[in-house]
Every structure is written in structure tokens, then in C-alpha cells.
Amino acid sequence: MSHWLIAGASRGIGLEAARQLAARGERVTASVRSAAGLAALKAAAPQANTLQFDVRDELAIRAAAEQVLDPIDVLIANAGAYGPQRQSSLDMDFEGALDLLSVNTLGPLRVVQAFLPLVKRSARPRIIMMTSRLGSMSLDGTSNVAYRVSKAGLNKIAQCLAADLKDDGVVVVAMHPGRVRTEMGGPNATLDVGDSVAGIIQIAESLTLADTRRYLDYRGEDIPW
Ligand SMILES: NC(=O)c1ccc[n+]([C@@H]2O[C@H](COP(=O)([O-])OP(=O)(O)OC[C@H]3O[C@@H](n4cnc5c(N)ncnc54)[C@H](OP(=O)(O)O)[C@@H]3O)[C@@H](O)[C@H]2O)c1
């Protein structure tokens, strides 16, 4: 049995990860940021320990981390948003884009830094940064510029964390969950949330230090940075 921390588990991929892991008897600590999110998490994964914070709020994250006493084996920094309506290279909602960077790029780093002492105490520590294929600098397309930039920035953070934590034996990967039917992915996305999460969990369980600094999808296939 491992101890998993899932940040952003009120719905979608994070909620399904908490549900699947709790159902098979893993230890789950999961965070939400609202009462409605807490109710959804408790219904789906009644055994999970719950925390409450917004990933933009460093103090709240650090206070939540103080409530966790046991080592964390797998940290999944999952919380993310899609950003403002206007986010093309020719017409940008700059305030909305800045807020998105705080959620998608710096949010996962706030979570990692706050919980890192607990992660380092694991015998087999792993960190999964939930990014997107849209963060790849190699991918064409110009839609959703703020989202792409936020995930490209997160990818760079994942690379830096992987290098800075290698000597501590902490594995860090950037994970693309596929195009998943959630509120973010929409009803026409190709992948069922259960299948995406099953793949992510399988990969998380198989990760070794040889995998650190990989950018991969839920099937384990590498994506060009
Ligand atoms: N679905 C896809 O096709 C897809 C593809 C590529 C990457 N991803 C990535 O996968 C992750 C999960 O996506 P999803 O499809 O499950 O999205 P989702 O259904 O929209 O869920 C997003 C989750 O993030 C939480 N969240 C958003 N902003 C937050 C904040 N400021 N503080 C704390 N929690 C916050 C939400 O909580 P609330 O309920 O409180 O808002 C919710 O739990 C995201 O990082 C996303 O970018 C998804």
C-alpha cells in the first residue's frame, strides 16, 4: 500500500484518481478548494483524507501540508484550469492569463515545495506534474495560447525539479492524461476518465529513477518537449 497525494480532486481526473486508488485500498490524501468539491470527494472516495486549499494560495497549501504526518510516495499535482475566453496571440485577456499561470504553472510548484519534506521521506518517492500535450514546444497550432504557455512553463518546472531532486532519489515526470471527457476536456474528447486514470496509476506504480525528467502520456509514450 502506498500513500498518494492528489491535489485538485473535486472532479474530473483528480476525483477519479482518488476514487480508483481508495477503492483498491491505497492510502489517499486528496485536496479540494470548495465545500461542493469536498462533498464530491467524500462521496467518491469516503476513505480518503481530505485537505482544502486553492493552489494559488501558498500559505493555505503550507498549512495543509502541516496536517499530513506520514511520508508521501506519489504526489500528483493535478489541479488545473483552461483560462480566459480571449487567449489568442492577437487578442489576449492578460489578467486572465496571469491568473492561469498562477494556477497551472506555479500552483503545482507551490504544492510540490510545501509537501516535499514528506515526499523525501518515502522509500520510493515519485512526483507527477499533470501537464498537457499542448505544452509541447514541438506542437503546431495556435489555439488557447495562455493554456499552452502555462503548460510549457510547467514542463520546464518539471525538468528543473527532476534535475534538482535526482540526488534525493525523487522521480519527477510531466504527464499528459490524454484528451479526457471531463469538464475541461468536454464531451467530444476521445478518452474515458476511468481509462486515462487507470493508465496514469499504472505508470506511477512502475516509475523508477531511470524515468525521471520524462514527458509522457497516460499510455507511457514519450512526448517531445
Ligand atoms: N481533460 C483533458 O482532456 C486534459 C488534457 C490535458 C491535460 N489535462 C490536465 O489534467 C488536469 C485535470 O484536468 P481535468 O480534465 O480533470 O479538469 P477539470 O475536470 O476541469 O478539473 C480541474 C480540477 O482542478 C481543480 N482546480 C482548478 N483550479 C484550481 C485552483 N486554483 N486551486 C485548486 N484546485 C483547482 C478543480 O477544482 P474546482 O472543482 O474547485 O474548480 C478540479 O478539481 C489539469 O491539470 C488539466 O490541465 C486535462
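Treat the numbers as computed from the prediction; the structure is a model and nothing was measured.

Calculation notes
- Numbers given for residues are sequential positions, taken from 1 along each chain in its written order.
- In view of the model being predicted, local features appear only for residues whose pLDDT reaches at least 70, and side-chain atom pairs are presented and counted only at 80 or more, with totals across whole chains, interfaces and linings using the full set of residues.
- For the side-chain quantities, the full set of heavy atoms in the structure was used; hydrogens and water were omitted.
- Secondary structure elements are defined from DSSP: runs of H or I of at least 4 residues count as helices, runs of E of at least 2 residues count as strands, and each element is numbered from the N terminus.
- Using C-alpha atoms as the atom set, the radius of gyration is obtained and then compared with a globule rule of 2.2 Å times the number of residues to the power 0.38.
- Burial classification: accessible surface area is computed with a 1.4 Å probe over protein chains only, and a residue below 20% of its type maximum counts as buried, one above 50% as exposed, and the rest as partly exposed.
- The contact criterion used is simple: two residues touch if any of their non-hydrogen atoms lie within 4.5 Å.
- The accessible surface values rely on the Shrake-Rupley method and a 1.4 Å probe; as for residues, cover is taken only from the protein chains in view.
- Counted as positive: Lys and Arg. Counted as negative: Asp and Glu, with His and the chain ends omitted from the count.
- Lys charges are placed at NZ, Arg charges at CZ, Asp charges at CG and Glu charges at CD.
- When a carboxyl oxygen of Asp or Glu lies within 4 Å of a side-chain nitrogen of Lys or Arg, that pair is called a salt bridge.
- A 3.5 Å cut-off defines polar contacts: any pair of N or O atoms within that distance qualifies, except that in protein one atom must be a possible hydrogen donor and the other a possible acceptor, and neighbouring residues in sequence count only when both atoms are side-chain atoms.
- Put simply, a residue is near a molecule or strand once any heavy atom of it comes within 4 Å of that molecule or strand.
- In the scheme used here, Gly and all other residues not listed as nonpolar or charged are polar, with Ala, Val, Leu, Ile, Met, Phe, Trp, Tyr, Cys and Pro taken as nonpolar and Asp, Glu, Lys and Arg as charged.
- DSSP-based pairing: two strands are paired if at least 2 bridges between them are found.
- Axis geometry follows a simple rule: fit a line to the C-alpha atoms, using only the stretch in contact for helices, then measure angles between N-to-C directions, giving values from 0 to 180 degrees.
- The criterion for an aromatic pair is that two Phe, Tyr or Trp rings (for Trp, the six-membered ring) have centres within 6.5 Å, with stacked assigned to planes under 30 degrees apart, edge-to-face to planes over 60 apart and tilted to the rest.

This brings us to the overall build of the chain. Across its full length, the chain holds 6 helices and 9 strands. Here the chain has a C-alpha radius of gyration of 16 Å; the compact-globule value for 225 residues is 17 Å, and the two agree. Considering only C-alpha atoms, the chain reaches an extent of 50 × 40 × 35 Å along its principal axes. Scored against the burial criterion, the 225 residues of the chain give a buried share of 52%. In the chain, of all internal contacts separated by at least 6 residues, the share reaching a separation of at least 24 is 66%. Per element, the accessible surface of the chain, about 10500 Å² overall, is 52% carbon and sulfur. Each charge class in the chain can be summarised by its mean position, and for the 24 positive and 24 negative side chains these summaries are 1 Å apart.

This paragraph deals with the pattern of salt bridges. Within this structure, the stated rule accounts for 15 salt bridges. With a shortest N-O distance of 2.3 Å, Glu205 and Arg24 are connected by a salt bridge. In this pair, Glu205 sits in helix α6 (residues 193–206) while Arg24 sits in the loop between α1 (12–23) and β2 (27–32), placing the two residues 181 residues apart along the sequence. Its relative accessible area of 32% is what places Glu205 among the partly exposed residues. Judged by relative accessible area, Arg24 falls into the partly exposed class, the value being 43%. Sharing partners across several salt bridges, the network here consists of Arg33, Asp54, Arg56 and Asp99.

Attention now goes to the side chain of Asp211. Mapped onto the elements of the fold, Asp211 is located in the loop between α6 and β9 (215–217). Judged by its relative accessible area of 14%, Asp211 is buried. There is a polar contact of 2.9 Å between the side chain of Asp211 and the side chain of Arg214. With residues near it in sequence (within four places) discarded, Asp211 still touches Val171, Val173 and Ser206.

With that settled, consider the site of the ligand. Lining the immediate environment of the ligand, one finds 29 residues, of which Ser10, Arg11, Tyr147, Val180 and Thr182 sit closest. Contact between the ligand and Ile13: an oxygen atom at 2.8 Å from a main-chain N or O atom of the residue. In the environment of the ligand, an oxygen atom lies 3.0 Å from a nitrogen or oxygen atom belonging to the side chain of Lys151. Sorting the residues of the shell around the ligand by element identifies α1 and α5 (145–165) as the ones contributing at least two each. Residues belonging to the shell around the ligand are distributed by class as follows: 11 nonpolar, 11 polar and 7 charged.

Right, let's get into the sheet that holds strand β4 (residues 74–77). Ordered in space as β3-β2-β1-β4-β7-β8-β9, the 7 strands form an open sheet in which the pairing is parallel. Across the chains shown, the open sheet's two edge strands, defined by having one partner strand only, are β3 (49–52) and β9. When the angles between neighbouring strand axes are averaged without regard to direction, this sheet yields 20°. Sheet analysis places strand β8 (residues 171–176) next to β9, joined by 3 bridges and oriented parallel. Residue pairing for β9: His176 is matched across the bridge by Asp217. Against the sheet, α5 touches β7 (126–130), β8 and β9, its axis set at about 170° to β7.

Attention now moves to the packing of aromatic side chains. A full pass over the atoms with the stated rule returns 3 aromatic pairs. Taken together, a centroid distance of 6.3 Å and an interplanar angle of 40° make the contact between Phe53 and Phe115 tilted. Of this pair, Phe53 sits in the loop between β3 and α3 (58–66) while Phe115 sits in helix α4 (residues 94–120), and the two are 62 residues apart along the sequence. The exposure classification of Phe53 matches that of Phe115, with both residues buried. Note on Tyr82 and Tyr147: the rings are 4.4 Å apart at their centroids and 40° apart in plane angle, and the pair reads as tilted. Placement of Tyr82 in the loop between β4 and β5 (87–88) and of Tyr147 in helix α5 is noted, with a sequence separation of 65 residues between them. For Tyr82, a relative accessible area of 32% translates into the label partly exposed.

So far we have only geometry, and geometry alone does not tell us how the molecule works.
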